[in-house]
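Residue strings, one per chain:
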Amino acid sequence: MSSKNFSGRLSWRIIGIVSVILIVLFVIVAVVSHQLITEEAMRATQHILHGTISDIEKPLTEVEVVTKTVAAHTLQLTDAVEDAHNTTNTNEPMEQLVMHTVMGDSLISGCYVIVPSCLGNAIHYSCVLQGGEIATGTLFDDSLDSQADKLVVTAQEKGDGFWLPPHQSLTDTNKMVATYCTPVYIPNSKHLAVVVACDLGVDWMEQKVEELRPYKNSLTTIGCSENCIIGIKDTALLSQIRKSLTEDKEMVALNEDLKQGKDSIRRRIGNGRNLSFIVYGPLHNGWMLSIVCQYRDVLERSSKMHVNLLIIGFIGLIILFFACRRTIRLMTRPITELSESALNIAKGNFNAKLPEIKSQDEMLRLRDSFMYMQNSIADYIEELQTTTRANERMESELNVARNIQMGMLRNDFPQQLYALLKPAKEVGGDLYDFTLKDDYLYFAIGDVSGKGVPASLMMAITRASLRFVAGLHLTMDETMNRINNCVTDTNSNNMFVTLFTARIDLRTGHMDYCNAGHNPIIIVPPDGEPYFLKAKTNLAVGLFSDFTYEAESVELKPCTRIVAYTDGVNEAEREDKSLYGNERLMAYVSSDKVRNTSTTEREIVEGLLASVRSFTGDTPQNDDITIMSIII
Amino acid sequence: MDVKITNQDGKTFVTLDGRIDTTNAEKFQQDVSMLMNMNAPDIEIDCKGMTYTSSQGLRIFLMLQKSVMVNGGKMVMRNMNPQVKEVFDITGFSNIITIV
């Protein structure tokens, strides 16, 4: 079973653990208590058994004593007996004796004196209680003869007193009696004089074993012989027991014990629900008293108690479950509330209320940490918003600056000139300019050290100076000196500008130029290899106001191309830090495309840019790029 | 870019290693700014390990040169590799900085 909330899950787990512990405990208690109860029951039953044995033996002993007393008396009357044989008259004293015996002892229900005869029928003197009346007489009943003869034979065999197992009374077929017989010998002789027998009613024994039920289905029996077991009336059960005495291992052992006169316990009699133990002991006359108790009876009460315990335990577990769940829910409520607060915060509500926690434990620390986090996030978001606003403002300002800067650059190109400028950032430090006046083409290309806003301001100054000085139509060296003066005056930050300025006489192809530390421009003659235009090493503009620049000149043939650029081209970097370099630049300007005079200047400029871009790939542009192409 | 600065016999020795480009020019300027306010004005820069310098780097060398001149000292750059030397030549910096 699974539960979606923490309290439920934890409760189930607790219940699981407690259940296991309880079940183990219960099993131990059940097993131990069953053992103890069983042992106790056996002891108690043995105690009862011994008590009952002595109870039963008392009357038996009494009957034995009486019988022996009668036997002693009969010996004195033997002569009379002899007479009786002869006369066939009744022997008065003998009749008196048996009558007194029956009347004198309430236990004895009949007394017999059998005088064995060597001359025909034995003489029987008997006295029996018949329906409460005393009946005496000398019996010559033929029906009794055979029994009397058997008794005499048995008595002779045994040689001493013995008990006959319960049998039907001679005079009353409804009455079961046990008979003690003792032979009497003629003194100093081995001749049997008489056999005295006394009947003992066994109904009291039957009643006793019937009453003796330590447990509901207990069975108490007195085993007198294989065929006679007092306490069992069912003949089927009787035969079953007889059978088991030879087949059942336990019962065989029991039988052995009895033969040796031992009393003991057999613990595993029967099987299944009828599993029982049997407690047994011998009577002094060889009979056996046994009590069989079924375990389920013995353990009935404790089993009921166990069931009750289980029910109580189960109810307890249910209560425990709900109590656990409720307690855990109460204790973890702050977590639930915190998670709701977290959700609120995640939705952007940074002032979401956090739960109040009164306990001074981990929950409080969690709440405090949470609060700290909430405040930090709120502060951070605010800072971020401020920064973002500032950035946005700066960005929009930079865009305006870019527009202004781009506006400074001419884009009204004549047919023979084209230029482009790609800043690495919004604004850059490169510049170019040109002007056509009276068959003279003036042009300039420059690069301020660094890039971005500082470079762009410097570029603006340089651009303004250039425009101003160019309007004076001075020589190139003078032009550069003036520009240098202007820029140096306003340069407090040690920035500098590399600048190339030139004037081409379009009629003759004569070019005056001055290079202030700029990359050499490339000349592509119509009938030769392209080359870097050599220039004197002048200092970059803006460093020393008293520096004197030197100008040079070169004669160019018609249809010569001039390609000027800034170091953003030849120092364009790829990801592996390798540079575009002069070789690739020279390879480009040597291509047929550049040498073909019908290619437009725009195509040449854009072709070079594309070549640089294909070299750098995805690597961001690291410096401003400016390219200018001129054909004369 | 690694900058090592040592003093010996009243002279400052600087050893440069690596590239000076946009990404570290500012740090390089911070590293050498202490050299501009020193009583021992003579500086000798070993450029053996310097493989590239951008124009920002040139500017910093220029600032260093100017401060040395103000303090009445001398600045010398040594062991410059040809590519770097070319940049110094083109921009005309070789005219104002002593390169040996």
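Preceding this paragraph is the structure being described.
Novice: For this particular structure, what's the right way to read the overall build of chain A?
Specialist: Along chain A, the regular secondary structure elements total 17 helices and 21 strands. By residue count, 44% of the 632 residues in chain A fall in the buried class. In chain A, the share of contacts with a sequence separation of at least 24, taken over all contacts with a separation of at least 6, comes to 61%. For chain A, the exposed surface amounts to about 33500 Å²; the carbon and sulfur share of it is 55%.

Novice: In this structure, what is going on with the interface of chain B and chain A? I would like to understand it.
Specialist: Put simply, an interface is often sized by how much accessible area is lost when its parts join up. Residue-level contacts link 21 residues of chain B with 25 residues of chain A. Interface of chain B and chain A: buried area, both sides summed, is about 1800 Å²; carbon and sulfur atoms make up 56% of it. Applying the counting rule to chain B against chain A returns one salt bridge. For R19(B), the salt bridge is made with E573(A), and the minimal N-O distance between the two is 2.1 Å. If you look at where chain B meets chain A, you find five residue pairs in polar contact (both at pLDDT 80 or more). Sorting the residues of the side of chain B that touches chain A by element identifies helix 2 (55–70), helix 3 (82–90) and helix 4 (93–96) of chain B as the ones contributing at least two each. Among the elements that make up the side of chain B that touches chain A, the one with the highest residue count is helix 2 of chain B (eight residues). Residue classes in the side of chain B that touches chain A are distributed as nine nonpolar, six polar and six charged.

Novice: Hey, could you run me through helix 3 of chain B in this one?
Specialist: Residue pairs spaced three or four apart in an α-helix point in one direction, given the helix's 3.6 residues per turn. All names here are of chain B. Every buried residue of helix 3 is listed here: V84, V87 and F88. Looking straight down helix 3, one finds that the buried residues subtend no more than 100° of arc, so they occupy a single side. Pointing more than 90 degrees away from the buried face of helix 3 are the exposed residues P82 and Q83. Looking at the buried positions of helix 3, the neighbouring elements they touch are strand 3 (43–53), helix 2, strand 4 (75–78), helix 4 and strand 5 (98–99). Measuring from the backbone nitrogen of Q83 back to the side-chain oxygen at the start of helix 3 gives 3.1 Å, which picks out N81 as the cap. Following helix 3 by one or two positions, G92 adopts a phi angle in the positive range, close to 85°.

Novice: Got a minute to help me understand the side chain of N494(A) in this structure?
Specialist: Within the secondary structure, N494(A) sits in the loop between helix 13 (476–489) and strand 15 (497–505). A relative accessible area of 15% places N494(A) in the buried class. A distance of 3.0 Å separates a polar atom in the side chain of N494(A) from a polar atom in the side chain of K66(B). What N494(A) contacts, discounting residues up to four positions off in sequence, is R59(B), L62(B), M63(B) and K66(B).

Novice: Which parts of the structure should I look at to understand the sheet that holds strand 14 (residues 440–448) of chain A?
Specialist: What holds strands together in a sheet is hydrogen bonding between their backbones, with the strands either parallel or antiparallel. Residues and elements named next belong to chain A. If you walk across this open sheet you meet the five strands as 13-14-15-16-19, and the pairing is antiparallel. Edge strands, defined here as strands with exactly one partner in the open sheet, are strand 13 (430–437) and strand 19 (552–555). When the angles between neighbouring strand axes are averaged without regard to direction, this sheet yields 15°. Where helix 12 (residues 452–470) meets the sheet, its contacts fall on strand 13, strand 14 and strand 15, and the angle it forms with strand 13 comes to roughly 15°. Set on the sheet, helix 13 makes contact with strand 14, strand 15 and strand 16 (510–516); between it and strand 15 the angle comes to about 150°.

Novice: Help me out: how do you make sense of unusual backbone geometry in this one?
Specialist: Backbone geometry follows two general trends: most residues other than glycine have a negative phi, and most peptide bonds adopt the trans configuration. Positive phi, normally seen in glycine, also occurs at D438(A), with a value near 50°. Note that D438(A) resides in the loop between strand 13 and strand 14. Positive phi outside glycine occurs at N79(B), with the angle close to 55°. When you line up the elements, N79(B) lands in the loop between strand 4 and helix 3. For N79(B), a relative accessible area of 42% gives the class partly exposed.

Novice: What should I look at first to understand the sheet that holds strand 1 (residues 2–8) of chain B in this one?
Specialist: Residues and elements named next belong to chain B. A sheet is described by the order of its strands in space; here five strands give the open sequence 1-2-3-4-5, paired in mixed fashion. Each of the sheet's edge strands pairs with one partner strand only, and the pair in question is strand 1 and strand 5. The pairing of strand 2 (residues 11–20) with strand 3 spans eight bridges and is classified as parallel. Its bridge partner being in strand 3, I20 is matched across the sheet by T53. Contacts from helix 1 (residues 25–33) reach strand 1 and strand 2 within the one sheet, and its direction differs from that of strand 1 by about 10°.

Reading the values: the criteria
- Residues numbered from 1 in each chain as written.
- Chains lettered and ligands numbered in written order.
- Predicted model: local features only at pLDDT ≥ 70, side-chain atom pairs only at ≥ 80, totals over all residues.
- Heavy atoms only, no water.
- Helix = DSSP H or I, 4+ residues; strand = E, 2+ residues; numbered from the N terminus.
- Buried < 20%, exposed > 50% of the residue type's maximum accessible area, 1.4 Å probe, protein only.
- Contact = heavy atoms within 4.5 Å.
- Areas by Shrake-Rupley, 256 points an atom, 1.4 Å probe, with all protein chains shown as cover.
- Buried area = accessible area lost by both parts, 1.4 Å probe.
- Salt bridge = Lys/Arg side-chain N within 4 Å of Asp/Glu carboxyl O.
- Polar contact = N/O pair within 3.5 Å; in protein donor to acceptor, adjacent residues only side chain to side chain.
- Nonpolar A, V, L, I, M, F, W, Y, C, P; charged D, E, K, R; others polar.
- Arc of directions from axis to C-beta.
- Pairing = 2+ DSSP bridges.
- Axes fitted to C-alpha atoms, helices over the stretch in contact; angles between N-to-C directions.

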